[in-house]
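Residue-level structure breakdown
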Amino acid sequence: MAAKQMNNTTTGVQDGFSGEAMVRDIVLQFPKAADYFKAQRIDFCCGGAKPLTEAAAEKGLDTESVIQDLNKLLEEHPVLEEGEDTAWNEASSEDLVNYIVNKHHRYLREELPLIAQNVTKVFRVHGEDSPHLAEVYRLFHTLREDLLQHTAQEEESEFPKMLAYSNHPTPEGLAELHGLLHTLEEEHDGAGEILRELRRVTNDFTPPEHACTTYRLTYARLEELEGMTFEHVHLENNILFLRYQ
């Protein structure tokens, strides 16, 4: 995936949440909030067209406490950030690898199972009326398995070999890395192709007008996954890997 294909999006909630915000808008801007609302039994789907203050009151919850929880969640979970690649150009390979593992690999381990639940539910409920959801289901689950295998392999094998070479460079070590990096880049290209196909079959992640909040949330989470993956691949292909070529 070339650098020009990378794009950044933001959650639109960097300044925090407010009690006046509609529950459904919060989950569409910050999909991770859906998991919090589920735990609190706040209906963000059919009952999502109401301010957070009202939804919290219906469950006997303090709005300020809910807002604090959401802001803490926003701090703890990665979002796309503008211009962070500039700093990573100057960072050590060890620091960059740790960042990729702790932000991007963690994101995939935590979010892919949750996105899978959304994709599966929407396909089961709306698949008859929206046949393209069968293709969304197939593409996503293929991508999920590929990404999880890819990141596990990086952590267990490729990243340690890169860092070992950084500490003790040898011609043999560099030759081995060249072959490994070629394979990793091919896997990145494969993930990119699936993401492009997901964007195509979902009409640029645009849900139909009749879509419920869960349907819309599923598309929002898929688009967030696309953006996070592009950023992830950019840090590897265009910064980390170049150090070994």
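Here the structure is a predicted model, which is why all the values come from computation and not from measurement. (Residues numbered from 1 in each chain as written. Predicted model: local features only at pLDDT ≥ 70, side-chain atom pairs only at ≥ 80, totals over all residues. Heavy atoms only, no water.)

**Quick word on the packing of aromatic side chains**
For the structure on display, the rule yields 6 aromatic pairs. Judged by centre distance (5.9 Å) and plane angle (40°), the ring pair of phenylalanine 17 and phenylalanine 30 falls under tilted. Of this pair, phenylalanine 17 sits in the segment before α1 (23-29) while phenylalanine 30 sits in the loop between α1 and α2 (33-40); the two residues are 13 residues apart in sequence, bridging distant segments of the chain. Looking at phenylalanine 30, the relative accessible area reads 2%, which means it is buried. For the ring pair tyrosine 165 and tyrosine 244, a centre distance of 6.0 Å and an interplane angle of 70° mean the geometry is edge-to-face. Here tyrosine 165, found in helix α7 (residues 132-167), pairs with tyrosine 244, found in the segment after α9 (213-240); they are 79 residues apart in sequence, far enough to count as distant. An identical accessibility class is assigned to tyrosine 165 and tyrosine 244; each is buried. (Phe/Tyr/Trp six-rings, centres within 6.5 Å; stacked < 30°, edge-to-face > 60°. Helix = DSSP H or I, 4+ residues; strand = E, 2+ residues; numbered from the N terminus. Buried < 20%, exposed > 50% of the residue type's maximum accessible area, 1.4 Å probe, protein only.)

**Concerning unusual backbone geometry**
For asparagine 203, which is not glycine, the phi torsion reads 55° and is therefore positive. Mapping asparagine 203 onto the fold places it in the loop between α8 (171-201) and α9. For aspartate 204, which is not glycine, the phi dihedral falls at a positive 60°. With respect to the element layout, aspartate 204 can be found in the loop between α8 and α9.

**Thoughts on α2**
When we look at burial in α2, the residues that qualify are Ala33, Ala34, Asp35, Tyr36 and Phe37. Where α2 is buried, its residues contact α1, α3 (52-58), α4 (63-76), α6 (93-126) and α9. (Contact = heavy atoms within 4.5 Å.)

**A word on the nonpolar core**
Generally speaking, soluble globular proteins have nonpolar side chains that are buried together. Within the largest apolar cluster, 26 residues are counted, with the highest numbers of intra-cluster contacts made by Phe140, Leu143, Leu198 and Leu225. With 7 residues, α6 is the single largest residue contributor to this core. Setting aside its immediate chain neighbours within four residues, phenylalanine 140 contacts Leu112, Ile115, Ala116, Val119, Leu198, Leu222 and Leu225. Counting residues in each nonpolar core, the second largest holds 20 residues, with Val23, Ala33, Tyr36 and Ala56 among its members. (Core = buried A, V, L, I, M, F, W, Y, C linked by side-chain atoms within 4.5 Å.)

**Observations regarding the pattern of salt bridges**
For the coordinates displayed, the defined rule picks out 16 salt bridges. Among the salt bridges present, the one from glutamate 111 reaches lysine 32, with a minimum N-O distance of 3.1 Å. Of this pair, glutamate 111 sits in helix α6 while lysine 32 sits in the loop between α1 and α2, and the two are 79 residues apart along the sequence. With a closest N to O distance of 2.6 Å, arginine 196 and glutamate 193 form a salt bridge. Of this pair, arginine 196 and glutamate 193 both sit in helix α8, 3 residues apart, roughly one helical turn. Among the residues examined, glutamate 193 registers a relative accessible area of 48% and is labelled partly exposed. A single salt-bridge network, built from bridges that share partners, covers Lys32, Asp35, Glu111 and Arg221. (Salt bridge = Lys/Arg side-chain N within 4 Å of Asp/Glu carboxyl O.)

**Notes on the packing of α7 against α9**
Orientation of α7 relative to α9, taken along the N-to-C sense of each, is 30°, at an axis distance of 13 Å. One way to sum up the angle between α7 and α9 is to call them roughly parallel. Helix-helix and strand crossings are classified by hand; for α7 and α9 the assignment is left-handed. Taking contact as the criterion, the partners of His132, Leu133, Val136, Phe140, Leu143, Leu147, His150, Thr151, Glu154, Phe159 and Met162 in α7 are, on α9, Tyr215, Tyr219, Leu222, Leu225, Thr229, His232, Glu236 and Leu240. Looking at the contact of α7 with α9 residue by residue, the classes come out as 12 nonpolar, 5 polar and 2 charged. (Axes fitted to C-alpha atoms, helices over the stretch in contact; angles between N-to-C directions. Parallel < 35°, antiparallel > 145°, perpendicular 65-115°, else oblique. Left-handed = near helix turned anticlockwise from the far one by under 90°. Nonpolar A, V, L, I, M, F, W, Y, C, P; charged D, E, K, R; others polar.)

**Some words on the environment of valine 66**
Tracing the backbone shows valine 66 in helix α4. We classify valine 66 as buried; its relative accessible area is 2%. Each C-alpha atom of the pair valine 66 and glycine 19 lies 9.0 Å from the other, and the pair is 47 residues apart in sequence. Each residue touching valine 66, except ones within four places of it in the same chain, is listed here: Tyr36, Leu52, Ala56 and Leu61.

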